[in-house]
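The residues making up each chain are set out below.
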Amino acid sequence: MLRLCVIYFLLAFIGVRTGKYDLRRDFLQEDDFHAMTLQKLTALRALMASQPVPLAAYIVPTADAHNSEYISPVDARRKWLSAFTGSAGTAIVTSSHALVWTDGRYYTQFEREVDVNTWTLMKQCLPDTPSMKKWLSSNLTEGDVVGVDPYTMTREEWTRIETALKKTKMQLVAVEKNLVDEVRKQLNDPPPKRPHNPIIPLPVKYTGKTSGDKIKELREQMVQKKAAALVVTALDEVAYVLNLRGSDIEYNPVFFSYLIITPSKVMVFWGDGELPKDVTDHLNEEGVMNYEGLPYADIVKRLKQLAKEISESGDGVNSIWLSSDASEAVHRAASGKNELNKPLNLISGVSPVALAKLIKNDVELQGFRQCHIRDGIAVVRFFKWLHDQIDNGVRVTEIQASDKLLEFRKEESDFMGPSFDTIAGAGANGAIIHYNPSREGTQSEIERDCMFLLDSGGQYKDGTTDITRTRHMGRNPTDEQKGAFTRVLKGQIMVGSALFPKGVKGNSLDSFARKYLWDVGLDYAHGTGHGVGHFLNVHEGPSGVSWRPYPHDPGLKPGQILSNEPGYYKVGKFGIRHEDLVEIVSVAKDSKHPKAKNLLGDYGGRGVLGFNTLTLVPNQRECIDIQMLDDFELSYINAYHERPSHENEIKPDEICSAIASC
């Protein structure tokens, strides 16, 4: 016990209590790591047993109160409890089990980071893995109670689990004080404070539409829905509506806030409620009328008051409209549960803000095109630098490569920071789908005889980028690597050149990307494409391209931005991924699309859509097996590589020489 206390002191000293240190098994002896894992679970189980109604299981999602994909350290409860650092996963703890459900992007990462003698990986993409609700129903007994912090679970997730448990005579209950936070306090490792960084006004020259106009359009929809109020809970949606950006979550230009819009008022819940002058000046200039700032922590109290006011109005028609992705806690408050004799019926569904920001306006689209030119210059300059270093025998680590790429991006105008933590995987590390090189301990070197996978992106005021390129640093890949590289590229070309009906769901395109891998019994364990926000979250719903349907995908339309990123990963050897961002465009017979001339119809009047690739970075020629490409694919890839010389905005003397060297 004394040894364990000393370890805790040392970890606190070097930064674990400030969120600067990630608890990883790499830095501890195995028995120490195991002991710390058990201590956390033992303390949590004791709290579960001491609840007014003892809990048979406690659920710890990777979530904050806003259903954010990427979260602040203050909300990283599953990470702290399990040591698993992946961005997706849900933990369930019982008196005898500790399990984490996550998808195929993180299987290898989980095994490297977690005490597998204590925690069990539940591979949720595999058909034999039970869902969380099925596992709970099968492993608990009648009368058992399952707890969860209602701020960390959406209404949809809550309803699914609650319904499943009821069928087996079990109960899901809301635990108001998060038990992981309580355990952290007990172990003298309290959560860090919630960030409250300055807000950045984003002018209309970047957004293309004022916040006043956006609110006006939302109010028109509220009339149609008979909604007395619209509650906006997703952080990127609040930022979009108000044309404001922040930095409370790393890489995501958002700020902790809520927004309530009524027919006559706009309520912004942020910090202590006092909005800075530059923010009020911005809202005034953008035509936002009758707004007020309220403390962030008052959202539930104000929603309860609003529910009471609507209930007392007595018209029985108007209700509160909010996203089904809003937390269970917000839903309860908005309905007046436990406050009203008859709780309100809520309008809960896909957020109208999510659907609005999904379709980019002309200014936003032009911004995406322009920022990809600048980003392409930075990435090509980086690869030129990296090859020069490796060719000259200079030692370069994955971290040094990431840092150098950031230097190049910083030289481009309107750059605001990376859009996510750069994935720089050399050799076997490239097979870890969401690998992040560590700055602690021994750093991996990029060897001349290895494949190197670089997945990175930038946040610019006029758009967001996300690009992956894989290169063999010695330009002499093995036949296996070359074949896999080309099959992944053929899948990317098949998606990038596809024509499809307007309104088709994104998952309809997923098999195109996998065909040439499936032909030889290979596959990859992640989706093929995700939506991208405009100087917002690099992963944006509700559309995407995956083997699993996106539940709220409204159908693909012109003006959306998606990624096109098939891959292949040989665990312990190498990884390959090609990723471009693409803009959905309307296609007619006279369009520049490579398949337009073959059109015989427009899908019975539905309209023809295709993709325009935004990313401007070449693929490595030495990794392409030309014999595996048909005439169309060869023409397509050649036309892509010729594009920079035909773009007036690109600096030919700067980028073309770099491309030649790559």
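**Topic: the side chain of Asp-375**
Next, step 1: Within the secondary structure, Asp-375 sits in helix 15 (residues 362-391).
Next, step 2: Here Tyr-460 takes part through its side chain, which lies 2.7 Å from a polar atom of the side chain of Asp-375.

**Describing the nonpolar core**
Generally speaking, a soluble globular protein has its nonpolar side chains buried in company with each other.
Next, step 1: Core analysis: the largest hydrophobic core is formed by 56 residues, its most contacted members being Val-241, Leu-242, Leu-259, Ile-260, Ile-261, Leu-303 and Ile-320.
Next, step 2: Apart from residues no more than four positions distant in its own chain, Ile-260 is found in contact with Ala-229, Leu-230, Val-231, Lys-265, Val-266, Met-267, Phe-269, Ile-299, Leu-303 and Leu-306.
Next, step 3: Core analysis: the next-biggest nonpolar cluster, separate from the first, contains 36 residues, Ala-431, Val-504, Leu-509 and Val-545 among them.

**Some details on the pairing of strand 11 (residues 266-269)**
Next, step 1: Of the two faces of strand 11, both are covered, the one formed by Val-266 and Val-268 as well as the one formed by Met-267 and Phe-269.
Next, step 2: With four bridges connecting them, strand 10 (residues 258-261) and strand 11 associate as antiparallel partners. Paired with Leu-259 across the strands is Val-268, a residue of strand 11.
Next, step 3: Connecting strand 10 to the next strand, strand 11, in antiparallel fashion are four residues.
Next, step 4: Where strand 11 lies against strand 12 (residues 291-294), four bridges are found, and the strand directions are parallel. Residue pairing in the sheet places Phe-269 in a bridge with Leu-294 of strand 12.
Next, step 5: On the question of chirality, the crossover connecting strand 11 to the parallel strand 12 by way of helix 11 (residues 277-285) is right-handed.

**Quick look at helix 12 (residues 299-313)**
Note on helix geometry: an α-helix contains 3.6 residues per turn, so any two residues three or four positions apart are oriented the same way.
Next, step 1: Given a rise of 1.5 Å per residue, 15 residues ought to cover 21 Å, and the 21 Å separating the end C-alpha atoms of helix 12 matches this to within 8%.
Next, step 2: Every buried residue belonging to helix 12 is among Ile-299, Val-300, Arg-302, Leu-303, Leu-306, Ala-307 and Ile-310, and all of these are buried. Along helix 12, the residues classed as buried sweep out an arc of 160 degrees about the axis, all on the same side.
Next, step 3: Buried residues belonging to helix 12 abut strand 8 (227-232), strand 10, strand 11, strand 13 (319-323) and helix 13 (328-335).
Next, step 4: Gly-314, located one to two residues past helix 12, shows a positive phi value of around 75 degrees.

**Some details on the sheet that holds strand 14 (residues 347-349)**
Next, step 1: Spatial strand order, 12-11-10-8-13-14: six strands in an open sheet with mixed pairing. Only two strands of the sheet have a single neighbouring strand rather than two, namely strand 12 and strand 14. Across the sheet, the axes of successive neighbouring strands diverge by a mean angle of 20 degrees, strand direction being ignored.

**A short note on the side chain of Glu-328**
Next, step 1: When you line up the elements, Glu-328 lands in helix 13.
Next, step 2: Separated by 2.9 Å, the side chains of Glu-328 and Arg-332 make a polar contact.
Next, step 3: When residues no more than four places from it in sequence are discounted, the contact partners of Glu-328 are Pro-150, Met-153, Thr-154, Arg-155 and Trp-158.

**Structural notes on the sheet that holds strand 1 (residues 57-61)**
Next, step 1: Strand order in the open sheet formed by six strands is 4-3-2-1-5-6, and the pairing between neighbours is mixed. The outermost strands of the open sheet, each flanked by one partner alone, are strand 4 (120-123) and strand 6 (171-174). Put simply, the sheet's adjacent strands are angled 25 degrees from each other on average, direction ignored.
Next, step 2: Together, strand 1, strand 2 (90-94), strand 3 (98-102), strand 4 and strand 5 (145-148) form the strand contacts of helix 5 (residues 132-139), whose direction differs from that of strand 2 by roughly 10 degrees.

**Some words on the packing of aromatic side chains**
Next, step 1: Applying the stated criterion across every chain yields a total of 11 aromatic pairs.
Next, step 2: With centroids separated by 5.8 Å and ring planes inclined at 80 degrees, the aromatic side chains of Phe-84 and Tyr-106 adopt a geometry described as edge-to-face. With Phe-84 in the loop between helix 3 (77-82) and strand 2 and Tyr-106 in the loop between strand 3 and helix 4 (107-113), the pair connects residues that are 22 residues apart, well separated along the chain.
Next, step 3: A residue is classified by how much of its surface remains accessible, and Phe-84, at 0% relative accessible area, is buried.
Next, step 4: Here Phe-382 and Phe-383 contribute two aromatic rings whose centre-to-centre distance is 5.3 Å and whose plane-to-plane angle is 55 degrees, an arrangement assigned as tilted. Of the two residues, Phe-382 and Phe-383, neither departs from the other in class, the shared state being buried.
Next, step 5: Following the ring pairs from residue to residue traces out a cluster consisting of Phe-84, Tyr-106 and Phe-110.
Next, step 6: Seen from the ring of Tyr-516, Lys-490 lies directly overhead, with NZ or CZ sitting 4.3 Å from the centre.

**Here we look at unusual backbone geometry**
Next, step 1: Cis geometry is found at the peptide bond from Gly-541 to Pro-542, where omega equals 5 degrees.
Next, step 2: Following the sequence through the fold, Pro-542 ends up in strand 23 (residues 540-545).
Next, step 3: Residue Asn-243 is not a glycine yet carries a positive backbone phi of 55 degrees.
Next, step 4: Within the chain, Asn-290 stands out as a residue other than glycine whose phi angle is a positive 50 degrees.
Next, step 5: Mapped onto the elements, Asn-290 comes out in the loop between helix 11 and strand 12.
Next, step 6: Classification of Asn-290 by relative accessible area gives partly exposed; the value is 47%.

**Topic: the environment of Tyr-240**
Next, step 1: Within the secondary structure layout, Tyr-240 lies in helix 10 (residues 235-242).
Next, step 2: The buried category is assigned to Tyr-240, whose relative accessible area is 9%.
Next, step 3: Beyond its immediate chain neighbours, meaning those up to four positions away, Tyr-240 contacts Lys-214, Arg-245, Val-353, Ala-356, Lys-357, Glu-364 and Leu-536.

**Considering the pattern of salt bridges**
Next, step 1: On inspection of all chains with the given rule, the structure shows 35 salt bridges.
Next, step 2: Two residues, Lys-357 and Glu-540, come together in a salt bridge whose shortest N-O distance is 3.1 Å. Of the two residues, Lys-357 sits in helix 14 (residues 352-358) while Glu-540 sits in strand 23, which places them 183 residues apart along the sequence. You'll find Lys-357 and Glu-540 in the same group, each marked buried.
Next, step 3: Among the salt bridges present, the one from Arg-409 reaches Asp-375, with a minimum N-O distance of 2.6 Å. With Arg-409 in helix 16 (residues 398-410) and Asp-375 in helix 15, the pair connects residues that are 34 residues apart, well separated along the chain.
Next, step 4: Accessibility expressed as a relative area gives 2% for Asp-375, which makes it buried.
Next, step 5: Salt bridges sharing partners connect three or more residues here, namely Asp-75, Arg-77, Asp-181 and Arg-194.

**Looking at the confidence of the model for the chain**
Note that predicted coordinates carrying low pLDDT should not be read in detail.
Next, step 1: With 92% of its residues at a pLDDT of at least 70, the chain reaches an overall mean of 92.
Next, step 2: When the criterion is pLDDT under 50, residues 1-27 qualifies, and its contacts beyond four places in sequence or with other chains add up to 49 contacts.
Next, step 3: Residue range residues 645-662 is modelled with pLDDT below 50. Its contacts to residues more than four positions away, or to other chains, number 27 contacts.

The rules we used
Residues numbered from 1 in each chain as written. Predicted model: local features only at pLDDT ≥ 70, side-chain atom pairs only at ≥ 80, totals over all residues. Heavy atoms only, no water. Helix = DSSP H or I, 4+ residues; strand = E, 2+ residues; numbered from the N terminus. Polar contact = N/O pair within 3.5 Å; in protein donor to acceptor, adjacent residues only side chain to side chain. Core = buried A, V, L, I, M, F, W, Y, C linked by side-chain atoms within 4.5 Å. Buried < 20%, exposed > 50% of the residue type's maximum accessible area, 1.4 Å probe, protein only. Contact = heavy atoms within 4.5 Å. Pairing = 2+ DSSP bridges. Right-handed = clockwise from strand over helix to strand, strands pointing away. Expected span 1.5 Å × (residues − 1). Arc of directions from axis to C-beta. Axes fitted to C-alpha atoms, helices over the stretch in contact; angles between N-to-C directions. Phe/Tyr/Trp six-rings, centres within 6.5 Å; stacked < 30°, edge-to-face > 60°. Lys NZ or Arg CZ within 6 Å of the ring centre and 35° of its normal. Salt bridge = Lys/Arg side-chain N within 4 Å of Asp/Glu carboxyl O. pLDDT = per-residue confidence, 0-100.

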